[in-house]
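Results of the structural survey
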Amino acid sequence: MAVSAGVLALALAATPAAAQQAPAAEPAPSGDDIVVTAVKATRSATAVTSVEMQKLLPGINPLKAIQTLPGVMYVTADPWGNNEQNASLFIHGFAGNQLGYTLDGVPLGDQSYGNYNGLSPQRAVISENVGRAIVSTGAADLGLASTSNLGGGIETFTQDPTAQRGATLNQTIGSYGTSRTFLRLDSGTFGNGNSLYVSGLRQRARAWDFNGRQGGWQANAKFVHDDSMGKLTAYFAYSDKIEPNEDATTVYKVATTPAQAYQPYTRPFTYPDFAAAVAYLDANGNVPAKEANNYRNYYSDAQRTDYLGYLKYQAHLSSKIDWSTQVYYHHNDGVGVVAGPITVASLPTLFALYFPGQNLKLATGNSGYAIRTTEYRIDRGGVISNVTADAGNHHIEVGGWMEYNSSSAYRRWYALDVNHPERYSPYIRPSNPLFTQYGSEIRNTVVQLHAQDDWHVLPNLLVQAGVKSSLQFARGDMVVQPIIGSLPGSSSALPSGEIDTKRWFLPTFGAKWDFTGSEQVYVNVQKNLRQFMTYGGGGVSPWSTGSQAAFDAFKRDGKPETSWTYELGLRSNHELGRGIGINAQLNVYHVDFHDRLLGITPAVGGLGGSSIAGGTPAIFNVGGVKTDGVDVALTLRFGQVFSLYNAFSYNRSIYDSDYSTLTVVNGSAATGTRIGGTATVNGVVPTGGKRIPGSPSVLDKTVATLTLGAFEGQLVGDYVGRRYATYTNDAWVDPTFTAALRLAYKLPAERLGLRKAEVSVNVTNLFDEKGTSTVSVSSNTNTYAIYPLAPRQWFATLSLGL
């Protein structure tokens, strides 16, 4: 991480506190710098700039771009990182839905695949309009607008309009029929400090393992008015995307039948060959016996339409006081779709309840397939307000965030008519359902307050202290009840009710000491909280448990997850002369994670089957987790010609104790370890001393960049160590190493009458590595599920600036 003077300026701007003052400022190109260290932060905070993001792959998801940072693992089964169904993100042992996410300060929710409180960064902003992404790997900024940031935060910032009038056109083509077209028009500065851009995107690509396509349309617009009185920013984003999903392969540690032994690398859909899909089943709609646990669906997809906008004004009340207020609104309409055989998992039982005495194949369209959807709606709006003041050696910030969210989730089933296959595809939203199995409506209000003081005790010593309060008031109603017995894990009506959670005192303390002109040491201690999920369609949520008694038990005995994070770090930057520089950061951390909640959903017919059958979870408090780890990042820079970056991370996240699944009879907890669910007797699960599954202990990232005149080459290596696939650590997936290559050449733009002209070629998974991308951890000690790595793919991009 070679930090030049220009990059130091960016690093100062990259701190969360500074970002509140100028969140949309586009960083200056950092040349050969891979990541930028936030040198003002009292905790670990690093940033990836827009320049480096687009080098990794034009149009990349910001979350996938941060995988080059220390301590971060992001994997998914497509090269851009766009597919949300099989994405896996871990930072220091915390999963993706235990982190916080914002865009220009606007909360993006917890990134759960089942939408209920936000949207992904790649839907909130077109990749080419991202200015930078800041990752706090231990504890996020105190004022971060999030209810889930147990393990840090990811803040994405959009670019401001440029001062000069112009246009940008990027065209990417590549493997599997990829075509990505991005166009942006900048007005330049006009009037009295006004500037504006509008931009649009169209992306299409075939899925790599079946004949389906992914992509859609996006549009962004941003207006800025900046003068001596303050800065007004207006932003709008539209996204209409369809992503075909992958089917995971169910793996049996001990296979005792041919069906369990059948474990294919991929489970491709039969779409669009409807004749082949019908022929795949026998006359009764049964899948081949050998493939009972890893059968082929007709198709599956995620359809998401989002509208997001905000208006922000930062008023300069005086030379020492600023007041920033931001209002925002987000609407989401989405559906997750699976078109699969009617005879798998518990579906015969389900359909028999809704079509008693009928031929189930005829009742569902006579094709042997039915379509299951989970249909989402989100309408949320909020306000974020912060006042900052300089008083002598103190920089004081006081602020608050309030959001109201109305969300719903409906599970519906549709016929797949054998006589009209043209009516059904991953790109058509189903209509006229056979029945609605269940439907939830949830209303949620969040209030967060914070106050913080940055005290410059000495010119080179900063002490920081603050406190946050987090309040959540939620009510959920199951407005459509399933037929009793149709939902695994539930033998009664599903719950409704209110849960209010208030935590007034979440403190933080930090310090930073610049003990030489080139080195600084920092320390940070912070308590974080994850509020209960307000989702009625699955997940570890009290509104997704199997009965009113289970909900009432959770309301009485449940505790939100909390963590204490301790960080100690050293940053160093040296210029050795003759253009040679070295930059390094060492971060050591410890986390005490309390009241970890685990949801166990009844497995019906293996993981592949239960994913379509659904089910209600039993929720367990599995006690504490102790985490210790270290991140080391180093960059060597040799002038403007060559740079070498490496980041090594080691993480040890260990369960404190075993947990018991003996409890809850009619909502009364017998041992105090289980909260919610139906009565079962499964005994003690020996997790004490075991590592967190799904999260690797070792990560290593390398980026080598060579620049020779107009030519640039970049080689990226990403090593992901062993990941355990069960809570008892008796199964795991092997480490993977993937590499990516970029070759680029800057064309003579001035001769062509252009501001910029460049051609580049990117190759992902350069060595065509086979292996596991995402691990889907199961509470069943004999099974788990895995998703494959995307194969080698190439993409060529022409980028023009007018």
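Cut-offs applied
- Residues numbered from 1 in each chain as written.
- Predicted model: local features only at pLDDT ≥ 70, side-chain atom pairs only at ≥ 80, totals over all residues.
- Heavy atoms only, no water.
- Helix = DSSP H or I, 4+ residues; strand = E, 2+ residues; numbered from the N terminus.
- Rg over C-alpha atoms; globule rule 2.2 N^0.38 Å.
- Buried < 20%, exposed > 50% of the residue type's maximum accessible area, 1.4 Å probe, protein only.
- Contact = heavy atoms within 4.5 Å.
- Lys, Arg positive; Asp, Glu negative; His and termini not counted.
- Charge placed at Lys NZ, Arg CZ, Asp CG, Glu CD.
- Pairing = 2+ DSSP bridges.
- Axes fitted to C-alpha atoms, helices over the stretch in contact; angles between N-to-C directions.
- Core = buried A, V, L, I, M, F, W, Y, C linked by side-chain atoms within 4.5 Å.
- Salt bridge = Lys/Arg side-chain N within 4 Å of Asp/Glu carboxyl O.
- Patch = residues over 30% accessible without salt bridge, like charges linked within 9 Å, V, L, I, M, F, W, Y side chains within 5 Å.
- Areas by Shrake-Rupley, 256 points an atom, 1.4 Å probe, with all protein chains shown as cover.
- Phe/Tyr/Trp six-rings, centres within 6.5 Å; stacked < 30°, edge-to-face > 60°.
- Polar contact = N/O pair within 3.5 Å; in protein donor to acceptor, adjacent residues only side chain to side chain.

Topic: the overall build of the chain
- Each helix and strand in the chain was counted, giving 11 helices and 40 strands.
- On C-alpha atoms alone, the chain measures out to a radius of gyration of 26 Å, which is about the 28 Å that the 2.2 N^0.38 rule sets for 802 residues.
- Out of the 802 residues belonging to the chain, those deemed buried represent 61%.
- Pairs at least 24 apart in sequence give 71% of the contacts found in the chain among residues at least 6 apart.
- Charge-centre separation for the chain: the mean point of 61 positive side chains lies 2 Å from the mean point of 62 negative side chains.

Quick notes on unusual backbone geometry
- Residue proline 272 follows tyrosine 271 across a cis peptide bond; omega there is 5 degrees.
- Counting through the fold element by element, proline 272 comes out in the loop between helix H6 (258–261) and helix H7 (274–280).
- A positive phi angle, close to 60 degrees, is found at aspartate 595, a residue other than glycine.
- Inspection of the secondary structure assignment puts aspartate 595 in the loop between strand S25 (580–594) and strand S26 (597–600).
- With a phi angle near 45 degrees, asparagine 765 is a residue other than glycine that sits in the positive phi range.
- Tracing the backbone shows asparagine 765 in the loop between strand S37 (756–764) and strand S38 (772–776).
- Residue asparagine 765 is classed as buried on the basis of its relative accessible area, which comes to 7%.

Observations concerning the sheet that holds strand S15 (residues 249–252)
- What the three strands build is an open sheet, ordered S15-S39-S38; its pairing is antiparallel. Taken across any chain shown, the strands that pair with only one partner, and hence form the sheet edges, are S15 and S38. Taken over all neighbouring pairs, the strand axes of this sheet differ in orientation by 35 degrees on average, direction set aside.
- Two strands pair when backbone bridges link them, and S15 and strand S39 (residues 783–788) are joined in this way by four bridges, in the antiparallel orientation. Bridge pairing links threonine 250 to alanine 785 in S39.

Quick notes on the nonpolar core
- The biggest cluster of nonpolar side chains holds 59 residues, and the ones touching the most others in it are Ile66, Leu89 and Ile154.
- Leaving out residues up to four positions away in the same chain, isoleucine 66 has contacts with Val48, Val72, Ala133, Val135 and Ile154.
- Counting 36 residues, the second-largest nonpolar core is a separate cluster that includes Ala277, Val338, Ile342 and Tyr427.

Quick look at the pattern of salt bridges
- All chains considered together, the criterion is met by 29 salt bridges.
- Here glutamate 712 ties to lysine 55 by a salt bridge, and the two come within 3.3 Å at their closest N and O atoms. Here glutamate 712, found in strand S33 (residues 711–720), pairs with lysine 55, found in helix H3 (residues 50–56); they are 657 residues apart in sequence, far enough to count as distant.
- One salt-bridge network, in which partners are shared between bridges, spans Glu52, Lys55, Glu712, Arg742 and Glu758.

Here we look at a nonpolar patch on the surface
- A cluster of nonpolar side chains, contributed by Trp513, Phe515, Val523, Leu568, Leu570, Leu586, Val588, Val632, Phe648 and Tyr650, occupies part of the molecular surface with about 800 Å² of accessible area.
- Where the nonpolar patch is concerned, the elements lending two or more residues are strand S24 (561–577), S25 and strand S29 (642–655).
- Its place among the elements puts tryptophan 513 in strand S22 (residues 497–513).
- Note on tryptophan 513: relative accessible area 43%, which makes it partly exposed.

Observations regarding the sheet that holds strand S4 (residues 88–91)
- With antiparallel pairing, the three strands of this open sheet are ordered in space as S3-S4-S5. Looking at the sheet topology across the chains shown, the edges are occupied by strand S3 (72–75) and strand S5 (94–95).
- Of the strand pairs in this sheet, S3 and S4 are connected by four bridges, and their pairing is antiparallel. Note on S4: the bridge partner recorded for methionine 73 is phenylalanine 90.

Brief notes about the packing of aromatic side chains
- The full count for this structure, using the stated rule, is 24 aromatic pairs.
- Taking 5.2 Å as the distance between ring centres and 45 degrees as the angle between the ring planes, the aromatic pair formed by phenylalanine 94 and phenylalanine 593 counts as tilted. Highlighted residues: phenylalanine 94 in strand S5 and phenylalanine 593 in strand S25, separated in sequence by 499 residues.
- Given a relative accessible area of 3%, phenylalanine 94 falls into the buried group.
- Looking at phenylalanine 593, the relative accessible area reads 4%, which means it is buried.
- Aromatic ring contacts, followed pair by pair, group Tyr271, Phe274, Tyr298, Tyr299, Tyr369 and Tyr427 into a single cluster.

Structural notes on the side chain of glutamine 326
- Mapped onto the secondary structure, glutamine 326 falls in strand S17 (residues 321–341).
- What makes glutamine 326 buried here is its relative accessible area of 3%.
- There is a polar contact of 3.1 Å between the side chain of glutamine 326 and the backbone oxygen of aspartate 104.

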